[in-house]
Amino acid sequence: MSRRGIAEEKTAKSDPIYCNRLVNMLVNHILKHGKKIIGLSNYLSTICGVTPDIAVKARRVGRSTHQVPIEIGSTQGKSLSIHCFELVDDAKGSGDAICKKEETHIMAVANRAFAHLC
């Protein structure tokens with residue numbers, strides 16, 4: 001048993017103008033890197049297309065490490081999609097974020113045999 005206390009789950013605050021948590025997460029990430037927001041509706045629709053449903057996680061069984069596919073929640077998926085987000089390429093459907101989403105999905109399907117290890 002860990003001596004540390006139980007970590008409290010942090011929830012993102014809602015944006016005061018749009019009353020949307022996703023908008024607040026996106027604005028904070030963009031302003032952190034010094035960029036400006038052009039069109040908010042375009043951002044939101046692109047993020048929904050880039051958000052991954054499953055991811056792979058390393059599990060150690062014996063001496064070997066297996067990549068086990070796990071389902072991720074919507075909040076974690078949206079934060080992952082915001083971190084690897086390029087608006088112009090993703091709107092066209094050819095960006096790095098979409099390629100990464102497809103790669104993780106292919107890897108999860110390939111490692112489906114290890115799903116019972118979760």
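Structure shown above.
Residues numbered from 1 in each chain as written. Predicted model: local features only at pLDDT ≥ 70, side-chain atom pairs only at ≥ 80, totals over all residues. Heavy atoms only, no water.

Moving on to the overall build of the chain. The number of helices and strands found in the chain is five helices and two strands. Secondary structure elements of the chain occur, N-terminal to C-terminal, as α-α-β-β-α-α-α. The buried share of the chain, taken over its 118 residues, is 26%. Residue pairs in contact within the chain that sit at least 24 positions apart in sequence constitute 51% of those at least 6 positions apart. Of the roughly 8,900 Å² of accessible surface on the chain, a fraction of 53% belongs to carbon and sulfur atoms. (Helix = DSSP H or I, 4+ residues; strand = E, 2+ residues; numbered from the N terminus. Buried < 20%, exposed > 50% of the residue type's maximum accessible area, 1.4 Å probe, protein only. Contact = heavy atoms within 4.5 Å. Areas by Shrake-Rupley, 256 points an atom, 1.4 Å probe, with all protein chains shown as cover.)

The next subject is the layout of surface pockets. Roughly 250 Å³ of internal volume is contained in the largest pocket. Every residue lining the largest pocket is counted, 16 residues in all, and those nearest its centre are P52, A55, L80, K100 and T104. Those elements that provide at least two residues to the lining of the largest pocket are β1 (54-61), α3 (74-83) and α5 (96-110). Looking at the lining of the largest pocket residue by residue, the class counts come to ten nonpolar, three polar and three charged. (1 Å grid on protein atoms, 1.4 Å probe; cavity = no way out; pocket = protein on both sides within 12 Å on 5 of 7 lines; lining within 4 Å. Points joined across faces, edges and corners; volume = space filled by probe spheres on them. Nonpolar A, V, L, I, M, F, W, Y, C, P; charged D, E, K, R; others polar.)

Attention now moves to α3. Listed as buried for α3 are G77, S81 and I82. Buried residues of α3, viewed axially, fall in a sector of 135°; they line one side. Facing away from the buried side of α3 by more than 90 degrees, the exposed set consists of T75 and H83. (Arc of directions from axis to C-beta.)

Let's shift gears to the environment of E71. Position of E71 among the secondary structure elements: in strand β2 (residues 64-71). For the pair E71 and D53, spaced 18 residues apart in sequence, the C-alpha separation works out to 6.2 Å. In contact with E71, other than residues within four places in its own chain, are D53 and I54.

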